[in-house]
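Residue-level listing of the chains:
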Amino acid sequence: MLLNVSFGAGMLAWALFVPVGFLLDPLFDRIGHVLLLEIPALRPLSTSWFNTPLVPYTNFNNTIVLGSVVAWLVLATPIWLGARFGVVRYRAKYGERVRQSRFFRAVTASQAYNVYRWFRPQ
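Residues numbered from 1 in each chain as written. Predicted model: local features only at pLDDT ≥ 70, side-chain atom pairs only at ≥ 80, totals over all residues. Heavy atoms only, no water.

Colleague: Now, about the overall build of the protein: what can you tell me, with residues and values included?
Modeller: Secondary structure assignment for the protein yields 5 helices and 0 strands. In sequence order, the secondary structure elements of the protein are arranged as α-α-α-α-α. Over its C-alpha trace the protein gives a radius of gyration of 21 Å, far above what one expects of a compact globule, namely 14 Å for 122 residues. When its C-alpha atoms are laid out on the principal axes, the protein stretches across 60 × 30 × 25 Å. For the protein, buried positions account for 9% of its 122 residues. Sequence separation of at least 24 residues holds for 59% of the intrachain contacts in the protein that already meet a minimum separation of 6. Here the protein has roughly 10100 Å² of accessible surface; of this, 70% comes from carbon and sulfur atoms. One way to put it: in the protein the 12 positive side-chain charges average out to a point 21 Å from where the 4 negative ones average out. (Helix = DSSP H or I, 4+ residues; strand = E, 2+ residues; numbered from the N terminus. Rg over C-alpha atoms; globule rule 2.2 N^0.38 Å. Buried < 20%, exposed > 50% of the residue type's maximum accessible area, 1.4 Å probe, protein only. Contact = heavy atoms within 4.5 Å. Areas by Shrake-Rupley, 256 points an atom, 1.4 Å probe, with all protein chains shown as cover. Lys, Arg positive; Asp, Glu negative; His and termini not counted. Charge placed at Lys NZ, Arg CZ, Asp CG, Glu CD.)

Colleague: Give me the lowdown on the environment of isoleucine 64, citing residues and values where you can.
Modeller: With respect to the element layout, isoleucine 64 can be found in helix α3 (residues 63-99). On a C-alpha basis, the gap between isoleucine 64 and aspartate 25 in space is 6.4 Å, while along the polypeptide they are 39 residues apart. If we skip the residues at most four places from it in the chain, isoleucine 64 touches Asp25, Phe28 and Asp29.

Colleague: Report on unusual backbone geometry, specifying residues and quantitative values.
Modeller: With phi around 80°, leucine 54 is a residue other than glycine that occupies positive phi space. Tracing the sequence through the fold places leucine 54 in the loop between α2 (43-50) and α3. Within the chain, asparagine 59 stands out as a residue other than glycine whose phi angle is a positive 65°. Topologically, asparagine 59 is positioned in the loop between α2 and α3.

Everything listed is a geometric property; what it means functionally is a separate question.
Here is the structure:
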């Protein structure tokens, strides 16, 4: 297993972030357009990539694909640091209060939660 993520959390993240990706497509398109067409120094590199076997299957000649990959490479570390900071802060400040809430106890006592536990990583 590559990542220790529960099935439910993965489905929730997918449902939340797919629409965000579509909303960011114009930005990704602009980034990819600049990299592919407006920087002449990168043209020989992209030409050699697309003449190499298997690289054209990455679809990096699509401005949205290239722009989203570059944006991810630039933002991966800041997003990870922010998420880590947020999780640590949540656990220290709110975690125990949430676990003691009536809603949380009702959810964990339900049959649906028992089904969820089957898919939860150990």
